[in-house]
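A structural walkthrough
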Amino acid sequence: MSFLTMLQVMGNGMLKSIGIFLWTLLLSLPLGLVIAVIRQKKLPVVTQIIKIYISLMRGTPLMLQLLVVFFGPFYLFKIRLSDGYRFIAVLIAFVLNYAAYFAEIYRSGIESMPIGQYEAATVLGYSKTQTFLKIILPQVIKRIFPALTNEVITLVKDTSLAFSIAYVEMFTVAKQIAAKETTMLPFVIAGVFYYVFNFLVAFISERIEKKMDYYR
Amino acid sequence: MNILNIEHISKSFDDLCVLKDISFSVSEGEIVSIIGPSGSGKSTLLRCATMLEYVDQGTISYMGQPMCRMGGDGKPLYVKGREEKEMRSRYGLVFQNFNLFPHFSVLKNIMDAPVKVQKRPPEEVKKQAYELLEKMGLQDKADAYPCQLSGGQQQRVSIARALAMQPKILFFDEPTSALDPELTIEILKVIRQLAAEKMTMVIVTHEMNFAKEVSHKMIFMDKGVIVEETTPEELFRSDNERTKRFLGQYALR
Ligand SMILES: Nc1ncnc2c1ncn2[C@@H]1O[C@H](COP(=O)(O)OP(=O)(O)O)[C@@H](O)[C@H]1O
Ligand SMILES: [Mg+2]
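Conventions and cut-offs
- Going along each chain's sequence as written, the residues are numbered from 1 onward.
- Lettering for chains starts from A, numbering for ligands starts from 1, and both go in the order in which the items are written.
- For this predicted model, a pLDDT threshold of at least 70 governs which residues receive local features, and a threshold of 80 or more governs which side-chain atom pairs are given and counted, while totals over whole chains, interfaces and linings are taken from all residues.
- Remark: hydrogens and water are excluded; side-chain values derive from all non-hydrogen atoms of the structure.
- Helical segments are the DSSP runs of H or I of at least four residues, strand segments are the runs of E of at least two, and each set is numbered from the N terminus.
- When a residue's accessible area, from a 1.4 Å probe over protein chains only, is under 20% of the maximum for its type it is buried; when over 50% it is exposed; and in between it is partly exposed.
- In what follows, a contact means two residues having at least one pair of non-hydrogen atoms within 4.5 Å.
- Residue exposure ignores everything except the shown protein chains as possible cover, and the areas themselves are Shrake-Rupley values with a 1.4 Å probe.
- Positive charge is attributed to Lys and Arg, negative charge to Asp and Glu, and no charge count is given to His or to the chain ends.
- Charged groups are reduced to one reference atom each: NZ for lysine, CZ for arginine, CG for aspartic acid, CD for glutamic acid.
- When DSSP finds at least two bridges between two strands, those strands are taken to pair.
- Convention adopted: a line fitted to C-alpha atoms gives each axis, helices being fitted over their contacting stretch, and angles between N-to-C directions are expressed from 0 to 180 degrees.
- When an angle is under 35 degrees it counts as roughly parallel; over 145 it counts as roughly antiparallel; between 65 and 115 it counts as roughly perpendicular; any other value is oblique.
- Side-chain classes are defined by residue name, with Ala, Val, Leu, Ile, Met, Phe, Trp, Tyr, Cys and Pro counting as nonpolar, Asp, Glu, Lys and Arg as charged, and the others, Gly among them, as polar.
- Near residues are defined by distance, with any heavy atom within 4 Å of the molecule or strand qualifying the residue.
- Whenever a nitrogen or oxygen atom comes within 3.5 Å of another N or O atom, the pair is scored as a polar contact, on the condition that within protein one atom can donate a hydrogen and the other can accept it, and that pairs from neighbouring residues in sequence are kept only if both atoms are in side chains.
- Salt bridge, as applied in this entry: a Lys or Arg side-chain nitrogen positioned within 4 Å of an Asp or Glu carboxyl oxygen.

Here we take up the overall build of chain B. Helix and strand counts for chain B come out as nine helices and eleven strands. Counting only C-alpha atoms, chain B reaches 50 × 50 × 35 Å along its principal axes. Counting the 253 residues in chain B, one finds 57% classified as buried. Of the contacts made within chain B by residues no fewer than 6 positions apart, 64% connect residues no fewer than 24 positions apart. Of the roughly 11400 Å² of accessible surface on chain B, 48% is carried by carbon and sulfur atoms. One way to put it: in chain B the 33 positive side-chain charges average out to a point 3 Å from where the 34 negative ones average out.

In this section: the sheet that holds strand β8 (residues 169-173) of chain B. Residue and element names in this part refer to chain B. Spatial ordering of the open sheet is given by β7-β8-β9-β3-β10-β11, a layout of six strands whose pairing is mixed. Each edge of the open sheet is held by one strand with a lone partner, namely β7 (91-94) and β11 (225-230). With direction set aside, neighbouring strand axes in the sheet form an average angle of 15°. Pairing of strand β3 (residues 31-35) with strand β10 (residues 217-222), which is carried by four bridges, proceeds in the parallel orientation. When the sheet's bridge partners are listed, Val32 is paired in β10 with Lys217.

The subject of this paragraph is the environment of A:Val45. Tracing the backbone through its elements, the reader meets A:Val45 in helix α2 (residues 44-59). Residues A:Val45 and A:Pro146, 101 residues apart in the sequence, show an inter-C-alpha distance of 32 Å.

So, on to the pairing of strand β1 (residues 2-13) of chain B. Residues and elements named next belong to chain B. Both β1 and strand β2 (residues 16-27) contribute to a ladder of eight bridges, which runs antiparallel. Bridged to Asn2 within β2 is Ser27. From the end of β1 to the start of β2, which pair antiparallel, there are two residues, and Asp14 there has a positive phi angle of about 50°. Sheet analysis places β1 next to strand β4 (residues 57-62), joined by five bridges and oriented antiparallel.

The next point concerns the packing of helix α7 (residues 170-181) of chain A against helix α8 (residues 185-211) of chain A. Residue and element names in this part refer to chain A. The geometry of α7 relative to α8 is characterised by a closest axis approach of 8 Å and an angle of 150° between their N-to-C directions. The angle between the axes of α7 and α8 places the two elements in the roughly antiparallel class. Contacts between α7 and α8 involve Met170, Phe171, Ala174, Lys175, Ile177 and Ala178 from the first element and Pro186, Phe187, Ala190, Phe193 and Tyr194 from the second. Grouping the constituent residues of the contact of α7 with α8 by class yields ten nonpolar, no polar and one charged.

Here the focus is the site of ligand 1. Residue and element names in this part refer to chain B. Neighbouring ligand 1 are the residues Phe13, Leu16, Val18, Pro37, Ser38, Gly39, Ser40, Gly41, Lys42, Ser43 and Thr44. Contacts to ligand 1 include Ser40, whose backbone N or O atom sits 3.2 Å from an oxygen atom. At 2.8 Å, a side-chain N or O of Lys42 approaches an oxygen atom of ligand 1. Look at ligand 1: alone it shows 560 Å² of surface, and the protein chains cover 59% of it. Elements represented by at least two residues in the shell around ligand 1 include exactly β2 and α1 (42-49). With three residues, the single largest contributor to the shell around ligand 1 is α1. Class assignment for the residues of the shell around ligand 1 results in four nonpolar, six polar and one charged.

Here we take up the pattern of salt bridges. Residue and element names in this part refer to chain A. This structure, assessed with the given rule, holds 20 salt bridges over all chains. Across the salt bridge formed by Arg107 and Glu104, the nearest N and O atoms sit 3.2 Å from each other. With a gap of three residues between them, Arg107 and Glu104 both fall in helix α4 (residues 85-111), about one helical turn apart. The class of Arg107 is partly exposed, set by a relative accessible area of 25%. In this structure, Glu111 and Arg107 form a salt bridge, with 3.5 Å as the shortest nitrogen-oxygen distance.

Moving on, we get to the sheet that holds β1(B). All names here are of chain B. Strand order in the open sheet formed by five strands is β2-β1-β4-β5-β6, and the pairing between neighbours is antiparallel. In the strand order of this sheet, the two ends are held by β2 and β6 (76-78), each with one partner. Across the sheet, the mean angle from the axis of one strand to that of its neighbour is 15°, orientation sign disregarded. Running over the sheet, α1 touches β1, β2, β4 and β5 (65-70) and is turned about 120° from β1.

Shown next as structure tokens:
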């Protein structure tokens, strides 16, 4: 089997990994922020629920969460879901998991803001929403950006977990090819893919960080 | 008509009573200095006057209109909604540590609230902002960011930011306490200039000579009460033991 054919066979998995990555970020970054903001309101019951959710998400492996979301509907409720559910299951698990981590990062950023920023905004008559969106959030994003980048790089590698419910078959295919042709090449291809992917993420994040460098 | 009327306000944090039955007023163009030992409640008083804290008792009004008045149940009732917003634009507060918005340029720090909160036309606000910057000696700093400025410059920007809201009265909470002596002089000069323009001001300060020179009225606070409220001349000649002891500390320096 030629190198190009290998690439083609594995390419599908790569595209799916990129899809999981983008969709997860697109949904979990805002969801994490919403969770962090709701938590800040310190409503007793809600705060407790959020705490339990975050500790579950952080305290159990993402692979297990994926399996639960994927097989749960069948084993618990005897619901048979179509094959398209694989992608939905991946998204639900990834978004819930990453939103929990992001919520914690947002929270630490929001809590690190000096009270004087709120007070100055209040005296100038900004509403609570204006204060948060215009004054607090931009500064929070700058503060937490390195931590967010770390999480995003982890996400790149975590997309490979989608193989556990057979959504991404790149590794299955790679293993098959490797066994049949007795070559390491498929593994090298997968490795290079993730490495380049992460390199791009790091590069873009560095550019954004530089853009926010104009103030301290 | 008085710009500010404070009547019988009290404020506690848990069981710590920080302000006890405080009353005073400020008339148009008047400059009032508040002095007193650390922890005597000076900041809390300014924070209550600017709705950063809410009083437990008493009434506060600006230009005859109540910001908070006593309700039937013995609890203070505060203005809400549009009235609250309108009330907040009557006063400005200059903080000890400036509290500029670090992600906004100097110009944006000054212009943003007048445009976004007061909804005034940006062109008009911009013109005013440049006038204020000129007055503060910062014409060339419009595009700088706060982190590129000295403490004295930052404080002048924060004064410009407060003035851009066109307040009727400006409060200062130890505006020079975070600054070196030579930067302190810059700020005192700006406040003197505002005094010459008949800006109504309430200044919490430890700069006794400055307070004596610039104020029409001085208030000496201790342990949450106003011990004396009189002209600077009288205060510095006071027979009151607490006043004498407090001012004595400064004479020794
Ligand atoms: N938010 C708060 N919670 C609890 N205690 C406070 C708070 N703010 C001020 N205090 C207390 O109130 C007292 C007066 O403080 P403050 O008004 O800052 O005094 P000053 O400005 O004269 O130094 C101090 O004992 C201070 O510890
Ligand atoms: Mg103070």
